[in-house]
Amino acid sequence: MSPPASPHVSALGPALTAEWRGAALARAAHEVFPTAPVEDSPLRRIEFHLHPHPSGGGLLRMDGAPLCTAASDAHLAPLIEKTASVLAVRLAPEWLVLHAGLMGRNNRFLLLPAERRSGKSTLCLALASQGWTYAGDDLVFFHPGRRVFHPFLKAITVKEGSFGLLTSPGPVHEDPARGRLRYATPTHPAPGEIPADQLAAVLLPLYDPSAPAEGEHRPLTPEVAALALVQQLVGGAGRGAGSLDWIRELCALPRHLIRYASAGTSVRLAEACLEARS
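Residues numbered from 1 in each chain as written. Predicted model: local features only at pLDDT ≥ 70, side-chain atom pairs only at ≥ 80, totals over all residues. Heavy atoms only, no water.

Asks: It is not clear to me how the overall build of the protein should be interpreted in this structure. Could you clarify?
Replies: Summing up its helical and strand segments, the protein has six helices and 17 strands in all. Relative to its length of 278 residues, the protein is compact, with a C-alpha radius of gyration of 19 Å against a globular reference of 19 Å. Dimensions of the protein, computed from C-alpha atoms along their principal axes, come out at roughly 55 × 40 × 30 Å. In the protein, which comprises 278 residues, the proportion classed as buried is 50%. When contacts within the protein are restricted to residue pairs at least 6 apart in sequence, those whose partners lie at least 24 apart make up 68%. (Helix = DSSP H or I, 4+ residues; strand = E, 2+ residues; numbered from the N terminus. Rg over C-alpha atoms; globule rule 2.2 N^0.38 Å. Buried < 20%, exposed > 50% of the residue type's maximum accessible area, 1.4 Å probe, protein only. Contact = heavy atoms within 4.5 Å.)

Asks: Please explain the packing of helix 1 (residues 23–32) against helix 2 (residues 76–90) as it appears in this structure.
Replies: Two quantities define a packed helix pair, namely the angle between the axes and the distance from one axis to the other. Remark: helix 1 packs on helix 2, axes separated minimally by 9 Å, with the N-to-C direction vectors making an angle of 60°. Every pair of crossing elements has a handedness; the one defined by helix 1 and helix 2 is right-handed. In this structure, helix 1 uses Ala-24, Leu-25, Ala-28, Ala-29 and Val-32 to contact helix 2, whose residues at the interface are Leu-76, Ala-77, Ile-80 and Glu-81. Split by residue class, the contact of helix 1 with helix 2 holds eight nonpolar, no polar and one charged. (Axes fitted to C-alpha atoms, helices over the stretch in contact; angles between N-to-C directions. Left-handed = near helix turned anticlockwise from the far one by under 90°. Nonpolar A, V, L, I, M, F, W, Y, C, P; charged D, E, K, R; others polar.)

Asks: Quick question: what am I supposed to make of the nonpolar core here?
Replies: Nonpolar side chains tend toward joint burial in soluble globular proteins. The biggest cluster of nonpolar side chains holds 34 residues, and the ones touching the most others in it are Leu-12, Trp-20, Phe-48, Ile-80 and Phe-141. Looking at this core, the element that brings in the most residues is helix 2, giving eight residues. Residue contacts for Phe-141: discarding those within four places in its chain leaves Pro-14, Ala-88, Val-89, Ala-92, Trp-95, Leu-96, Val-97, Val-148, Phe-149, His-150 and Phe-152. One finds Leu-127, Trp-132, Ala-200 and Tyr-260 within the second-largest nonpolar core, a separate group that totals 27 residues. (Core = buried A, V, L, I, M, F, W, Y, C linked by side-chain atoms within 4.5 Å.)

Asks: Explanation requested: the pairing of strand 7 (residues 108–113) in the structure shown.
Replies: For a regular strand, the rule is simple: side chains alternate between the two faces of the sheet. With five of six residues buried, strand 7 lies mostly within the body of the structure. Of the strand pairs in this sheet, strand 6 (residues 96–105) and strand 7 are connected by six bridges, and their pairing is antiparallel. Looking at strand 7, one finds that Leu-102 is bridged to Leu-111. Hairpin remark: strand 6 followed by strand 7, antiparallel, with two residues in the connecting loop; positive phi at Asn-106, about 55°. Direction of pairing for strand 7 relative to strand 15 (residues 199–207): parallel, over a ladder of three bridges. Residue pairing across strands places Leu-110 opposite Ala-201, the latter belonging to strand 15. (Pairing = 2+ DSSP bridges.)

Take it as geometry only, folks, not as evidence of what the structure does.
So, in structure tokens, the structure goes:
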């Protein structure tokens, strides 16, 4: 595969596009945010450069202003992921945001809110490998006025324990908090915004090595689902006036928890939840 051109231009959520300038920065950004914005996008565009830092590594600048440092090229992609995700949320104040995944099939989607280390991204990877539509593995943007979800098409973040699921593994990156990472680009990204009425269910995934081979599925009460959703609201319930109304609306959908010890079981359980009507 030929290296990405510099600058690499990527879409960062509903309000922002980014230009990543310089070969190393463009290469890392292409791994994390491979999806280009539509041509002549009216969204705000910001420009990133990487400069040598006096103490070693690189200094990331945004529109000329110093932003943060990367210890080495191996640390660059995770730094881009975290920095760009924060900016995408901050610069879209009219959107409500959940820490969650959003995956679908045949125009019906599952919302996957979950704590970190729950296996959410690995479930997104397993579903994407089965041809599901990918709309994000980490942030879900919802506009309460327009009643649409906006895909956050970051590549799927794959931690070291799930490297074996990758059919075409790419470079390994280092993150101080999460350890060794790779990024996987889904083959079926959502082509545009998703109407709210295509959301079929809320699904809480839980990877558990001690789960039975067939996995476990149980319905969630509205109260338990509401607590899980509120805990994953980015910026808390005070981010937008409609936050709690949105949570109440989500809790009116079918609500499921699945516990599993393997990727194959997680896919089977998620498929059953998507097809369930209550």
